Amino acid sequence: TVTTTVTTVSADDGSEAGLLSAHERSLIRKTWDQAKKDGDVAPQVLFRFVKAHPEYQKMFSKFANVPQSELLSNGNFLAQAYTILAGLNVVIQSLFSQELMANQLNALGGAHQPRGATPVMFEQFGG
């Protein structure tokens, strides 16, 4: 279960409310806009996560038994990596509205709960 407190702010009000300042949110979006242009970002992010937490690879049935050395060339792994990239993009694009971001994070958490994902796993992925 993902629980959040929702405070509504308008998209460009410059508010310092919430966990991130307006400057931090802007910096994250600018950095993300640059990073997502690199076609290698999505696979590298997921690969780093699976390498750091190999026990979680088993949760991805389509590449659960693929050796780590072959993941970056595995079509199912790459498809999952780009799906994750799309989800991250939605969350990052919603940074300027705490209400929208809370809704997005709750939706992601809800979609992953039946798969056995826990909030700790999301924190580890964020790392």
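- Going by what an unreviewed UniProt entry lists, the protein chain is known as Hemoglobin and is assigned to Daphnia magna.
- Recorded under Sequence similarities (unreviewed entry), the UniProt text for the protein chain is reproduced unchanged: "Belongs to the globin family."

### Notes on the overall build of the protein chain
Right, so step 1: Looking only at helices and strands, the protein chain has six helices and zero strands in total.
Right, so step 2: Taken from N to C terminus, the helices and strands of the protein chain fall in the order α-α-α-α-α-α.
Right, so step 3: Counted over contacts in the protein chain with a minimum sequence separation of 6, partners at least 24 positions apart contribute 60%.
Right, so step 4: For the protein chain, the accessible surface area stands at approximately 7900 Å², while carbon and sulfur atoms represent 57% of it.

### Structural notes on the packing of helix α2 (residues 41-52) against helix α4 (residues 75-93)
Right, so step 1: Where α2 contacts α4, the two axes come as close as 8 Å, and the packing angle between them is 100°. Relative to α4, α2 is oriented roughly perpendicular. Across from Ala-42, Pro-43, Leu-46 and Phe-47 in α2, the residues of α4 making contact are Phe-77, Leu-78, Gln-80, Ala-81, Tyr-82, Ile-84 and Leu-85.
Right, so step 2: For the contact of α2 with α4, the residue count by class is ten nonpolar, one polar and no charged.

### Considering the environment of Gly-109
Right, so step 1: On the secondary structure map, Gly-109 appears in helix α5 (residues 98-112).
Right, so step 2: Judged by its relative accessible area of 11%, Gly-109 falls in the buried class.

### Quick word on the packing of α2 against helix α6 (residues 119-126)
Right, so step 1: The geometry of α2 relative to α6 is characterised by a closest axis approach of 9 Å and an angle of 120° between their N-to-C directions. With respect to α6, the element α2 is oriented oblique. In this structure, α2 crosses over α6, and the sense of that crossing is right-handed. The segment α2 lies against α6, with Val-45, Leu-46 and Phe-49 engaging Met-121, Gln-124 and Phe-125.
Right, so step 2: Counted by class, the contact of α2 with α6 contains five nonpolar, one polar and no charged residues.

### With respect to the environment of Ser-21
Right, so step 1: Along the polypeptide, Ser-21 turns up in the segment before α1 (22-35).
Right, so step 2: Taking the C-alpha atoms as reference, Ser-21 lies 9.7 Å from Phe-96; in sequence the two are 75 residues apart.

### Section: the packing of aromatic side chains
Right, so step 1: Following the criterion strictly, the structure yields three aromatic pairs and no others.
Right, so step 2: Ring plane angle 20° and centroid distance 5.5 Å describe the contact between Phe-49 and Tyr-56, whose orientation is recorded as stacked. Tyr-56 carries the same exposure label as Phe-49, and that label is buried.
Right, so step 3: On the basis of an interplanar angle of 15° and a centroid distance of 4.9 Å, the ring pair of Phe-60 and Phe-63 is categorised as stacked.

### Regarding the nonpolar core
Right, so step 1: Core analysis: the largest hydrophobic core is formed by 20 residues, its most contacted members being Leu-46, Phe-49, Val-50, Phe-63, Leu-71 and Phe-77.
Right, so step 2: Looking at this core, the elements with two or more residues in it are α2 and α4.
Right, so step 3: The element contributing the most residues to this core is α4, with six residues.

Each value, and the rule that gives it
- Residues numbered from 1 in each chain as written.
- Predicted model: local features only at pLDDT ≥ 70, side-chain atom pairs only at ≥ 80, totals over all residues.
- Heavy atoms only, no water.
- UniProt positions renumbered as here; feature names shortened; annotations may be inferred.
- Helix = DSSP H or I, 4+ residues; strand = E, 2+ residues; numbered from the N terminus.
- Contact = heavy atoms within 4.5 Å.
- Areas by Shrake-Rupley, 256 points an atom, 1.4 Å probe, with all protein chains shown as cover.
- Axes fitted to C-alpha atoms, helices over the stretch in contact; angles between N-to-C directions.
- Parallel < 35°, antiparallel > 145°, perpendicular 65-115°, else oblique.
- Nonpolar A, V, L, I, M, F, W, Y, C, P; charged D, E, K, R; others polar.
- Buried < 20%, exposed > 50% of the residue type's maximum accessible area, 1.4 Å probe, protein only.
- Left-handed = near helix turned anticlockwise from the far one by under 90°.
- Phe/Tyr/Trp six-rings, centres within 6.5 Å; stacked < 30°, edge-to-face > 60°.
- Core = buried A, V, L, I, M, F, W, Y, C linked by side-chain atoms within 4.5 Å.

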